[in-house]
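Summary of the model geometry
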Amino acid sequence: MTDPKSRVRDVLTRHGRLNTDVTSVADDDSLYAAGLTSHASVNVMLALEDEFDVEFPDALLRRSTFESVGGLYEAIASLLKSDA
Amino acid sequence: MITGALRLSADHPDVGVRIGMDLVEISEVARSISDFGDRYLRRVFAEHELLGCRTHSGDPDVERLAARFAAKEATIKALDIADATELTHIVVVNAANGRPELQLLGVYARRSHELGAFAVDLTLTHERNYAAATVIILTNNCRPGEHR
């Protein structure tokens, strides 16, 4: 199975509508600087929920969660860990 | 110094003004509805908004919903909330005269109270490919550095 971080990047490619290739965005680069809009972040959230079969709680529905690939990966990892 | 008709800082030194504006591509909202359906609608819009934004055939009125999304983002900017959460806690309602108004709940209501907000106004627009909203909030307290 593809590693989780790659799956997060794949979701960003499909739904992030970034103004640059996701492969050129480092884990700690700002996704907002790369073109992620507030509306696109909603789509990214929903797509990540589908991809990982999780649900983002209110506490993670924050701008800071979607700040970077690393931030998204950590959020997903915490949800998967709590589901285990 | 503010010139012109609105000399808010000179005539009302204790009143602060906060403004937020957002622009949304209507096709993006349409795509979200197509991709995620009801999950998208219910994560973003309050029940009241969903009921009020239907076409004659009962489908979601994408243009009006896009304008309401813009209103939520404009509100977040005006309130200067670093980490906004539930979008459904910012609700666009219609006054008796049909004008849109804002209803703030949860963290947005608390932030509004912290700022000393006493008046909020909202305007929406949509045409062809885009929807936009502007929110203005008047507060009792000026932020540091604001003109008096």
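Only a predicted model underlies this, so the values are computations on that prediction, with no experimental measurement involved. (Residues numbered from 1 in each chain as written. Chains lettered and ligands numbered in written order. Predicted model: local features only at pLDDT ≥ 70, side-chain atom pairs only at ≥ 80, totals over all residues. Heavy atoms only, no water.)

1. A closer look at the interface of chain B and chain A
Quick note on the threshold: By definition, residues are in contact when any of their heavy atoms lie within 4.5 Å. Two parts lose some accessible area (1.4 Å probe) when they are put together, and adding that loss for both gives the buried area. Here a salt bridge means any side-chain nitrogen of Lys or Arg lying within 4 Å of a carboxyl oxygen belonging to Asp or Glu. Helix numbering and strand numbering both begin at the N terminus, where a helix is a DSSP run of H or I of at least 4 residues and a strand a DSSP run of E of at least 2.
At the interface, 18 residues of chain B touch 19 residues of chain A. Together, Phe-36, Arg-43 and Asp-83 of chain B form the three largest contributors to the area buried by chain B at its contact with chain A, with a combined 34%. One salt bridge connects Asp-50 of chain A with Arg-39 of chain B, and the closest N-O pair in it is separated by 2.6 Å. Elements with a contribution of two residues or more to the side of chain B that touches chain A: α2 (26–36), α3 (38–44) and α5 (62–79) of chain B. Among the elements that make up the side of chain B that touches chain A, the one with the highest residue count is α2 of chain B (six residues).

2. Let's talk about the pairing of strand β4 (residues 117–127) of chain B
As a reminder, the rule being used: Here, a strand pair is defined by DSSP locating no fewer than two bridges between the strands.
Pairing of β4 of chain B with strand β5 (residues 130–139) of chain B involves ten bridges; the strand directions are antiparallel. When the sheet's bridge partners are listed, Leu-122 of chain B is paired in β5 of chain B with Val-135 of chain B.

3. Considerations on the side chain of Asp-61 of chain B
All names here are of chain B. Heads up, the condition is: For every residue, the accessible area (1.4 Å probe, protein chains only) is compared with the maximum for its type, and the residue is labelled buried under 20%, exposed over 50%, or partly exposed between those bounds. As used throughout, the charge tally considers Lys and Arg to be positive and Asp and Glu to be negative, leaving His and the chain termini uncounted.
By the secondary structure assignment, Asp-61 is in the loop between α4 (47–52) and α5. One buried charged side chain, Asp-61, makes no salt bridge at all; its nearest oppositely charged neighbour is Arg-64, positioned 4.7 Å away. In this structure Asp-61 touches Cys-53, Arg-54 and Thr-55, once residues within four positions along its chain are discounted.

4. Side note on the packing of α2 of chain B against α5 of chain B
All names here are of chain B. So the rule is basically this: Here an angle of 0 to 180 degrees is reported between the N-to-C directions of two axes, which are lines fitted to C-alpha atoms, with helices fitted over the stretch in contact. An angle below 35 degrees is read as roughly parallel, one above 145 as roughly antiparallel, one from 65 to 115 as roughly perpendicular, and any other as oblique. Gly falls in the polar group here, along with every residue not listed as nonpolar (Ala, Val, Leu, Ile, Met, Phe, Trp, Tyr, Cys, Pro) or charged (Asp, Glu, Lys, Arg).
Contact pair α2 / α5: the axes reach a minimum separation of 9 Å and the direction vectors enclose 105°. Between α2 and α5, the interaxial angle falls into the category roughly perpendicular. Residues Ile-26, Val-29, Ala-30 and Ile-33 of α2 lie in contact with α5, whose contacting residues are Val-62, Glu-63, Leu-65 and Ala-66. Each residue belonging to the contact of α2 with α5 can be placed in one class, and the counts come to seven nonpolar, no polar and one charged.

5. Considering unusual backbone geometry
With a phi close to 55°, Asp-53 of chain A is a non-glycine residue in the positive phi region. Tracing the chain through its elements places Asp-53 of chain A in the loop between α2 (38–52) and α3 (69–83). The exposure class of Asp-53 of chain A is exposed, given its relative accessible area of 67%. In this structure, Asp-80 of chain B is a non-glycine residue whose phi angle is positive, near 55°. Positionally, Asp-80 of chain B belongs in the loop between α5 and β2 (90–94). Note on Asp-80 of chain B: relative accessible area 48%, which makes it partly exposed.

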